[in-house]
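This is what each chain is made of:
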Amino acid sequence: MSDWKSLIGTDQALLILGSLHAFEQERKLDRSEVRPVQIIMDGDIHLAPFFDSWGEWGVISVARHPERPTLLYVATETELMKVDVAERSVTNFGIPDLQDLHEISMIGDTLWLASTGRDEVVAFDIKQERVVERVNLSAYGSTPKITSRMVEDEDGDRQLAGDVRTESERFHCNQVFEGFDENLYVLVHYALGNSQLIRRAARRLMGRQGNGGIINLTTGEVISLGLKGPHTMRKVRGHYWVCDSGRSRISIYDPEWNLKDTITSVGWVRGADFSDELGMFYMGISRFRRRYLILNPGVEQPPNMVQAISMESRKPVGELVLSGVERVTNVYVIPREVAVAMLQLQPDSVIEK
């Protein structure tokens, strides 16, 4: 165990979210054993019991508006809630038809939800507190403008393949984000979709490589980056850092989506954030699910943990093993005062609106 007091700023804390596996046959924990919200502060892990019962699986993602840091938007797999840790109140917005939510992203006054199970991104206006747009990614699957950014994997194709999905799921959207060019993008597992036409294009363009990439929602361009099961895009010091989950690494791109570097890790890499002040990049690492071990019996099986990476050397400088989750769903750097307020929340003192 590393000295995490020195790896996190004194005015910051690390928020770790986790859950059960989505597929029941892969679960080992009972839901009552899950601790979905954990906070690393002062070198120790602190549990936030107020959130223990949230979600059928756990807690998936959180977003904050920079002008109101004590206001949290919290997503489970099917619901979006607003938590005001200063006023100690909770609002469930009751948005219908959300399924297998992944990342939620605050862009201006719009909260973008990746409703992965419906291949849909949902725009929620936080001032009006209502859904203002729903974009189904099937619109990008018929005659997409394809740009390939393939890079041959140095290790061939021995790493884990992308998720095995049903025919009905075309893209497996994970996150909406604003690019350096101010265009709106969505990160997807299948940049070329899953229709018969697009599958043929994928085989022709990608061979045995991954099919993950991005869709430019502003221009309609589909950019295949050859990622395997990607999650969590972050803009770090003028570059895009993305969790290339199936390859157990971080892939780093310049603003034109040229691959510049990779950082090798272990396990299923998902959830990440950074402290520019300390020059630290933090990422969540989960044990591989049973189905991946069957396909890849020799792959390393790490514990669930959070790992700190030096942004200068791009080498790991600390690891902290987690319990109470089957997978890490997200990682965020938050202000220390927000973390303290989250730990102090109690069910009998919170108002439900």
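All figures in this text were calculated on a predicted structure; none of them were measured in a lab. (Residues numbered from 1 in each chain as written. Predicted model: local features only at pLDDT ≥ 70, side-chain atom pairs only at ≥ 80, totals over all residues. Heavy atoms only, no water.)

Colleague: Run through the pairing of strand 20 (residues 259-264), naming residues and quoting values.
Modeller: Of the strand pairs in this sheet, strand 19 (residues 249-253) and strand 20 are connected by five bridges, and their pairing is antiparallel. Looking at the pairing, Arg-249 lines up with Thr-264 of strand 20. Here strand 19 folds back onto strand 20, and the loop between the two strands holds five residues, one of which, Trp-257, carries a positive phi near 70°. (Pairing = 2+ DSSP bridges. Helix = DSSP H or I, 4+ residues; strand = E, 2+ residues; numbered from the N terminus.)

Colleague: How would you summarise the environment of Ile-214 if you had to cite specific residues and measurements?
Modeller: Its place among the elements puts Ile-214 in strand 15 (residues 212-216). Taking the C-alpha atoms as reference, Ile-214 lies 9.0 Å from Cys-173; in sequence the two are 41 residues apart. The contact partners of Ile-214, leaving out residues within four places of it in the chain, are Phe-177, Tyr-185, Val-186, Leu-187, Val-188, Ala-191, Glu-221, Val-222, Ile-223, Leu-225, Met-233 and Trp-257. (Contact = heavy atoms within 4.5 Å.)

Colleague: Go over the nonpolar core with me, naming the residues and quoting the values.
Modeller: Within soluble globular proteins, side chains that are nonpolar generally end up buried alongside one another. Within the largest apolar cluster, 27 residues are counted, with the highest numbers of intra-cluster contacts made by Leu-15, Phe-51, Trp-54, Val-83 and Met-342. Here this core takes five residues from helix 3 (residues 336-344), the largest share from any one element. Setting aside anything within four residues of it in sequence, one finds Trp-54 in contact with Arg-31, Val-59, Val-74, Thr-76, Met-81, Val-83 and Val-90. In terms of nonpolar packing, the next biggest core, distinct from the first, is built from 17 residues, Cys-173, Val-188, Leu-217 and Val-222 among them. (Core = buried A, V, L, I, M, F, W, Y, C linked by side-chain atoms within 4.5 Å. Buried < 20%, exposed > 50% of the residue type's maximum accessible area, 1.4 Å probe, protein only.)

Colleague: Talk me through helix 3; I want residue IDs and the actual numbers.
Modeller: Buried within helix 3 are the following residues: Val-338, Ala-339, Ala-341, Met-342 and Leu-343. Against strand 1 (12-19), strand 2 (37-41), strand 3 (44-47), strand 5 (68-75) and strand 25 (327-335) lie the buried residues of helix 3.

Colleague: Quick one: what's the story with the pairing of strand 22 (residues 280-286), residue by residue and with numbers?
Modeller: Of all seven residues that make up strand 22, seven are buried, and the element is covered over most of its length. In terms of strand pairing, strand 21 (residues 268-275) meets strand 22 through six bridges, oriented antiparallel. Looking across to strand 22, one finds that Trp-268 is bridged to Ser-286. The hairpin formed by strand 21 and strand 22 contains four residues between the paired strands, and Gly-279 there has a positive phi angle of roughly 70°. As paired elements, strand 22 and strand 23 (residues 305-310) share six bridges and run antiparallel to each other. By the bridge assignment, Phe-281 is partnered in strand 23 with Ile-309.

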